Amino acid sequence: MTPEERRAAEAVDAERLFRLLGDLIAIESVANRETPAQERVAEEMRAIGLETDMWEIDFERLRRHPAYTADVERHEGLGVVGTMGHTDGRGEGRTLILNGHIDVVPAGETERWTHPPFELTRHAGRLFGRGVVDMKGGLCCALEAAQALRDAGVDLDGALQIQSVIGEEDGGSGMLATIERGHTGDGAIVVEPTQFVIAPAQAGALSFRLTVAGLAAHGALREEGVDPVEKFIPVFQRLRALEAARNRDVADPLFRAEALPYALTMGRLRAGIWPSTVAESLVVEGRFGVAPGEDLAEARRALEDAVAEAADGDAWLLDHPPAVEWVGAQFAAARTDESDPVVSTLASAVQTLGGTEARLGGMRYGADMRLLVNQGHVPTVLFGPGDVRRSHRPDESIRARDLVEAARILAVAAIRFCGSAAS
């Protein structure tokens with residue numbers, strides 16, 4: 001580690017990082033309510049001394065983009081990007097993006113939380129609150145890394161860009177808007193919770209809706225109706241078989257160790273209008289995992305064919321075929337070449353600060369990486385503190401020291417990737 005890198009790593013201030021995280025956790029930035037959090041991030045960027053671009057996203061225009069996808073209707077929101085280093089393009093170094101999303105999923109039933117979801121709580125070396133893992137914690141690491149570089153007096157040859165985006169959880173509209181604004185670079189690290197695994201590949205996830213028709217009847221005369229719940233059972237079983245087949249003998253070395261890298265999850269099911277009435281229909285909504293490099297049209301056709309095959313053995317379903325619709329978020333998969341400088345530079349920083357060789361792997365969840373790679377043409381990895389298994393659930397939490405370690409790694413990685421006057 002160079003003296004400059006050491007100064008930057010030592011300049012990371014844990015309490016400052018935690019204070020900012022506390023401010024952001026206190027803002028309930030669920031879908032369509034991210035603006036106050038984005039304004040707080042922009043305020044922090046300006047305080048650090050970053051050249052800050054904050055703009056109103058034109059959703060009417062953005063919705064016409066072929067890559068636009070969203071689970072919720074959006075009409076307004078802010079994009080926020082802060083940049084340090086040679087922002088005029090005259091520097092000789094590269095531009096590195098540190099990206100994080102400010103939106104969080106709802107807290108759900110708050111009585112299931114031990115600690116308040118929108119109040120940062122410290123307990124037994126961990127930090128609790130909605131977003132500490134996914135992914136306000138990672139975003140704060142990126143901002144603290146920039147502050148540490150500034151405090152250490154690092155003069156980057158290139159540029160470091162911090163992107164705070166909205167709408168990741170419901171489709172990536174904020175990331176797409178940021179790319180369309182012209183904010184791209186030579187490499188990007190999306191600070192998702194990977195447990196410090198460097199992920200040059202992410203699986204995709206396609207949202208779908210499946211409708212099974214029934215025939216309503218009085219509950220006392222059930223035999224005169226057709227129960228769509230009963231008709232759904234063979235469809236469910238066929239989809240489980242499809243999932244098993246798609247996850248058997250996975251060849252990709254980045255995903256081979258995963259038990260179920262391309263999961264098919266049916267997360268929401270509804271049927272019927274009254275307890276004593278045979279339901280008229282059953283509707284299932286879910287996500288269909290896809291592999292990097294897989295043709296999305298072929299993947300969709302595989303699910304549609306499986307549903308049709310399940311209907312073949314039932315007279316009612318043959319006459320009333322279950323309908324599959326592709327709705328909401330459509331997360332394509334993405335991959336970055338493992339030899340790319342963003343991978344090797346980050347790996348070297350991890351090894352320097354962690355003392356062990358960096359681990360590479362694939363992430364099973366969809367993320368904004370796919371837009372940076374597929375739309376922005378920016379080599380990108382997922383990398384950050386925390387375990388995704390602790391997100392999207394009550395008592396979301398992360399080890400406090402992991403946030404500090406991540407900020408130090410990002411600071412050193414930025415110096416090595418962008419270059420500096422001292423190097």
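Conventions used here
Residues numbered from 1 in each chain as written. Predicted model: local features only at pLDDT ≥ 70, side-chain atom pairs only at ≥ 80, totals over all residues. Heavy atoms only, no water. Helix = DSSP H or I, 4+ residues; strand = E, 2+ residues; numbered from the N terminus. Expected span 1.5 Å × (residues − 1). Buried < 20%, exposed > 50% of the residue type's maximum accessible area, 1.4 Å probe, protein only. Contact = heavy atoms within 4.5 Å. Polar contact = N/O pair within 3.5 Å; in protein donor to acceptor, adjacent residues only side chain to side chain. Pairing = 2+ DSSP bridges. Phe/Tyr/Trp six-rings, centres within 6.5 Å; stacked < 30°, edge-to-face > 60°. Lys NZ or Arg CZ within 6 Å of the ring centre and 35° of its normal. Axes fitted to C-alpha atoms, helices over the stretch in contact; angles between N-to-C directions. Parallel < 35°, antiparallel > 145°, perpendicular 65-115°, else oblique. Left-handed = near helix turned anticlockwise from the far one by under 90°. Nonpolar A, V, L, I, M, F, W, Y, C, P; charged D, E, K, R; others polar. Salt bridge = Lys/Arg side-chain N within 4 Å of Asp/Glu carboxyl O. Core = buried A, V, L, I, M, F, W, Y, C linked by side-chain atoms within 4.5 Å.

S.K.: I tried to follow helix α10 (residues 341-354) on my own but got confused; where do I start?
M.R.: Owing to its 3.6 residues per turn, the α-helix aligns residues three or four sequence positions apart on the same side. Counted at 1.5 Å a residue, the expected span for α10 with its 14 residues is 20 Å, and the 19 Å between its end C-alpha atoms agrees. For α10, every residue scored as buried is listed here: Val-342, Val-343, Thr-345, Leu-346, Ala-347, Ala-349 and Val-350. For α10, the secondary structure elements touched by its buried residues are β3 (95-101), β7 (187-190), β8 (198-202), β14 (360-363), β15 (380-382) and α12 (400-418). A distance of 3.0 Å separates the backbone nitrogen of Val-342 from a side-chain oxygen at the start of α10, and that oxygen is part of Asp-340. Immediately downstream of α10, the backbone of Gly-355 shows phi near 80°, a positive value.

S.K.: Whenever I open this one, the pairing of β8 confuses me. Can you help?
M.R.: Each regular strand carries side chains that alternate between the two faces of the sheet. Within β8, 5 of the 5 residues are buried, which leaves it mostly tucked inside the rest of the structure. One ladder, built from 3 bridges, connects β8 with β14; its direction is parallel. For Ala-201, the partnering residue across the bridge sits in β14 and is Gly-362. With 2 bridges joining them, β8 and strand β13 (residues 334-335) adopt antiparallel strand pairing. Residue pairing in the sheet places Ala-201 in a bridge with Arg-335 of β13.

S.K.: I would appreciate a short explanation of the packing of aromatic side chains in the present structure.
M.R.: Centre distance and the angle of the planes are the two values used to describe a pair of aromatic rings. Applying the stated criterion across every chain yields a total of 5 aromatic pairs. When the centroid spacing of 5.6 Å and the interplanar angle of 45° are considered together, the rings of Phe-255 and Tyr-262 count as tilted. Each member of the pair, Phe-255 together with Tyr-262, is buried. Counting every residue linked through ring pairs, the aromatic cluster contains Phe-208, Phe-288 and Trp-326. Cation over ring: Arg-94 sits above Phe-417, and NZ or CZ is 4.3 Å from the ring centre. When the ring centre of Trp-326 is taken as reference, the NZ or CZ atom of Arg-300 above it lies at 5.8 Å.

S.K.: What am I meant to see in the side chain of Arg-74 here?
M.R.: Looking at where Arg-74 falls in the secondary structure, it is placed in the loop between α4 (59-62) and β2 (78-85). A polar contact is formed between the side chain of Arg-74 and the side chain of Glu-34, at a distance of 2.7 Å. Within the structure, the side chain of Arg-74 is placed 2.9 Å from the side chain of Asp-170, a separation counted as a polar contact. For Arg-74, the residues in contact, after removing those within four places along its chain, are Ala-31, Asn-32, Glu-34, Phe-59, Arg-63, Tyr-68, Ile-166, Gly-167, Asp-170 and Ser-173.

S.K.: Would you explain the packing of helix α3 (residues 35-48) against helix α5 (residues 136-151) in this entry?
M.R.: To characterise two packed helices, one gives the angle between the axes of the helices and the distance between these axes. Contact geometry of α3 with α5 gives a least axis separation of 10 Å together with a crossing angle of 15°. One finds that α3 runs roughly parallel with respect to α5. You can see that α3 and α5 cross each other, and the crossing is left-handed. Residues Val-41, Met-45 and Ile-48 of α3 lie in contact with α5, whose contacting residues are Leu-139, Leu-143, Ala-146, Gln-147 and Arg-150. Its residues assigned to classes, the contact of α3 with α5 comprises 6 nonpolar, 1 polar and 1 charged.

S.K.: Would you explain the environment of Glu-76 in this entry?
M.R.: By secondary structure assignment, the location of Glu-76 is in the loop between α4 and β2. As a C-alpha pair, Glu-76 and Asn-32 span 44 residues in sequence and 7.4 Å in three-dimensional space. When residues no more than four places from it in sequence are discounted, the contact partners of Glu-76 are Asn-32, Glu-56 and Phe-59.

S.K.: Looking at this structure, how should I read the pattern of salt bridges?
M.R.: Between side chains of opposite charge, a pair can form as their charged atoms come close. Per the counting criterion, the structure on display carries 27 salt bridges. The salt bridge partner of Arg-63 is Glu-73, with a shortest N-O separation of 3.9 Å. In this pair, Arg-63 sits in the loop between α4 and β2 while Glu-73 sits in the loop between α4 and β2, placing the two residues 10 residues apart along the sequence. We classify Arg-63 as partly exposed; its relative accessible area is 33%.

S.K.: Quick question: what am I supposed to make of the environment of Val-81 here?
M.R.: Take Val-81: it is sitting in strand β2. Residue classification places Val-81 among the buried positions, given a relative accessible area of 1%. With 97 residues separating them along the chain, Val-81 and Thr-178 place their C-alpha atoms 8.1 Å apart. Those residues in contact with Val-81 that sit more than four places away from it in its chain are Met-45, Glu-51, Thr-52, Asp-53, Trp-55, Gln-161, Ile-162, Gln-163, Thr-178 and His-183.

S.K.: What is the right way to look at the sheet that holds strand β16 (residues 397-399) in this model?
M.R.: Two orientations exist for strands paired in a sheet by backbone hydrogen bonds: parallel and antiparallel. With antiparallel pairing, the 3 strands of this open sheet are ordered in space as β4-β5-β16. Only two strands of the sheet have a single partner each, and these edge strands are β4 (121-123) and β16. Ignoring strand direction, the axes of neighbouring strands in this sheet form an average angle of 25°. Where β4 meets strand β5 (residues 126-128), 3 bridges bridge the pair, whose relative direction is antiparallel. Paired with His-123 across the strands is Arg-126, a residue of β5.

S.K.: Would you mind going over the nonpolar core with me for this structure?
M.R.: In a soluble, globular protein the nonpolar side chains are often hidden away together inside. One finds Leu-160, Ile-162 and Ile-189 to be the most contacted residues of the largest nonpolar core, which totals 97 residues. Per-element tally for this core: the top contributor is α12, with 14 residues. Dropping the residues within four chain positions of it, Ile-162 is found in contact with Met-45, Leu-50, Val-80, Val-81, Gly-82, Leu-98, Leu-139, Ala-142, Leu-143 and Ala-146. Formed by 23 residues, the second largest nonpolar core is a distinct cluster that contains Val-226, Val-235, Leu-239 and Ala-299.

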